[in-house]
Amino acid sequence: MSKIDYSLLNERFGLRGEVAFKEGAGGLGVVEVSNSHATAALVLQGGHLIHWAPRSQPPVIWLSRAAKFGPGKSIRGGVPVCWPWFGPHSGDASLPAHGFARTIPWEVTATQTLPNGATRLSVHLVSSDATRAAWPYSTELMLHITVGTTLEMDLVTRNASNEMVALGQALHTYFEVGDVRRIKIHGLGGCEYIDKVDGCARKVQSGPVTIAAEIDRIYLGSTADCLIDDPQLRRRIRIAKGGSRSTVVWNPWIEKAARMGDLGENGYLNMVCVESANAADDVVTLAPGTEHRLWVRYAVEGL
Ligand code: TA6
């Protein structure tokens, strides 16, 4: 991993009292954001947002206390960028699950204070011989993040090749909840889903999603807002999205969390993944010269 020049990054992209770059855990580059609306943090490797908390709110994005940080390591929590495939690679089991975007270097392309006091960051994935070996298409991946009283993330893929490209992707977001056993997730009623803890059986959701065991579902054709109602933190997290037809709901529960080893003591109780994705039947196809946007907007409401 090439050495990052933090003084140059701060000179070019730092914003006094608002955006600062520094070396973080595992020697990874981190950009910290603090404005009148919220605080946030992003690890440059993977374009991986690891923190967002509106002022007067506990964090909305969950990060494991046992998360491991290091070159090429995926981070447990935050918003991993799954790209250019979701889940295991369809043809080569030696390739990393959820693609390579989340474990390789990204670079900053812009930082900006918006008129309403929010902060906008733009980062992009850096292609290499290694990425081209896994993904032999000329594509560009950019992520634009707006940190304010809401969190907006805009994942843009541009197909710069002269061939059609099939793309699986997700913003694999870990949300912080008071007690996962007490939440309800609205917005998926009536959607077909693939139940990965029941032999990938296809089922239809009836009513809100509640969690009392391991859950790993890919909801298909789901485009409506999702709402996470959290009675313990007395808040509702609204997940609005566009360019995404899949929603993945995941919690490893007790045994799988223990096997994974990086969720921390009882960490599974304080997180739920509600991922805005294009996976399974919803994989998108990009024509040459076109681009695809997958965007989300997270907001906290009273409950
Ligand atoms: O999105 C749910 C899922 O695909 C689960 O099956 C589980 O593997 C989770 O992602 C975490 O994957 P990771 O590769 O980050 O450990």
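Treat the numbers as computed from the prediction; the structure is a model and nothing was measured.

Draft legend 1. Quick peek at the pattern of salt bridges. As enumerated under the stated definition, the model contains 17 salt bridges in all. The closest approach of N and O atoms between Glu32 and Lys22, which form a salt bridge, is 3.2 Å. Taken as a pair, Glu32 in strand E2 (residues 29-34) and Lys22 in strand E1 (residues 19-23) lie far apart in primary sequence, 10 residues in all. The exposure class of Lys22 is partly exposed, given its relative accessible area of 38%. We note a salt bridge from Asp262 to Arg76, for which the minimum N-O separation is 2.9 Å. Of this pair, Asp262 sits in the loop between helix H3 (253-260) and strand E20 (271-278) while Arg76 is found in the loop between strand E4 (48-54) and strand E5 (81-82), placing the two residues 186 residues apart along the sequence.

Draft legend 2. Spatial organisation of the site of the ligand. As a structural note, the neighbourhood of the ligand is formed by Arg76, Phe86, His98, Arg102, His172, Lys196, Asp216, Val248, Trp250, Met260 and Glu275. Note that an oxygen atom of the ligand is positioned 3.0 Å from one of the side-chain N or O atoms of His98. Asp216 places a polar side-chain atom, nitrogen or oxygen, 2.6 Å from an oxygen atom of the ligand. Coverage of the ligand by the protein chains reaches 84% of its 390 Å² of free accessible surface. Residue classes in the shell around the ligand are distributed as 4 nonpolar, 2 polar and 5 charged.

Draft legend 3. Just helix H1 (residues 6-13), in detail. Looking only at H1, the buried set comprises Tyr6, Leu9 and Phe13. End-on view of H1: buried residues confined to an arc of 60°, all on one side of the axis. Across H1 from its buried face, at more than 90 degrees, point the exposed residues Ser7, Glu11 and Arg12. If you follow the buried residues of H1, they end up packed against E1, E2 and strand E6 (106-113).

Draft legend 4. Up close: the packing of aromatic side chains. Applying the stated criterion to the full structure yields 9 aromatic pairs. Judged by centre distance (5.9 Å) and plane angle (80°), the ring pair of Trp85 and Phe100 falls under edge-to-face. Of the two residues, Trp85 sits in the loop between E5 and E6 while Phe100 sits in the loop between E5 and E6, which places them 15 residues apart along the sequence. On the basis of relative accessible area, Phe100 is assigned to the buried category, the value being 7%. Summarising the aromatic geometry, the rings of Tyr174 and Trp250 are spaced 6.1 Å apart at their centres and angled 85° between planes, so their arrangement reads as edge-to-face. Here Trp250 lies in strand E19 (residues 246-251) and Tyr174 lies in strand E12 (residues 174-176), a separation of 76 residues in the sequence. Across the pair, exposure class does not vary: Tyr174 and Trp250 are buried alike. Ring pairing ties together the aromatic residues Trp83, Trp85, Phe100, Trp135 and Tyr137, which thus form one cluster.

Draft legend 5. Looking closely at the pairing of strand E9 (residues 151-159). Across the 9 residues that make up E9, a large majority, 7, are buried. Here 9 bridges tie strand E8 (residues 139-147) to E9, and the two strands are oriented antiparallel to one another. When the bridges of E9 are listed, Thr139 appears paired with Asn159. Bridge count for E9 against strand E22 (residues 291-302) is 8 bridges, and the pairing is antiparallel. Paired with Leu155 across the two strands is Leu294, which belongs to E22.

Draft legend 6. The arrangement of the sheet that holds E6 in detail. Across the sheet, which stays open at both edges, the 8 strands sit in the order E6-E7-E8-E9-E22-E18-E17-E13 with antiparallel pairing between neighbours. Where the open sheet ends on each side, the last strands, each with one partner, are E6 and strand E13 (184-186). Neighbouring strand axes in the sheet, compared pairwise and without regard to direction, differ in orientation by 15° on average.

About the criteria used
- Residues numbered from 1 in each chain as written.
- Predicted model: local features only at pLDDT ≥ 70, side-chain atom pairs only at ≥ 80, totals over all residues.
- Heavy atoms only, no water.
- Salt bridge = Lys/Arg side-chain N within 4 Å of Asp/Glu carboxyl O.
- Helix = DSSP H or I, 4+ residues; strand = E, 2+ residues; numbered from the N terminus.
- Buried < 20%, exposed > 50% of the residue type's maximum accessible area, 1.4 Å probe, protein only.
- Near = heavy atom within 4 Å.
- Polar contact = N/O pair within 3.5 Å; in protein donor to acceptor, adjacent residues only side chain to side chain.
- Areas by Shrake-Rupley, 256 points an atom, 1.4 Å probe, with all protein chains shown as cover.
- Nonpolar A, V, L, I, M, F, W, Y, C, P; charged D, E, K, R; others polar.
- Arc of directions from axis to C-beta.
- Contact = heavy atoms within 4.5 Å.
- Phe/Tyr/Trp six-rings, centres within 6.5 Å; stacked < 30°, edge-to-face > 60°.
- Pairing = 2+ DSSP bridges.
- Axes fitted to C-alpha atoms, helices over the stretch in contact; angles between N-to-C directions.

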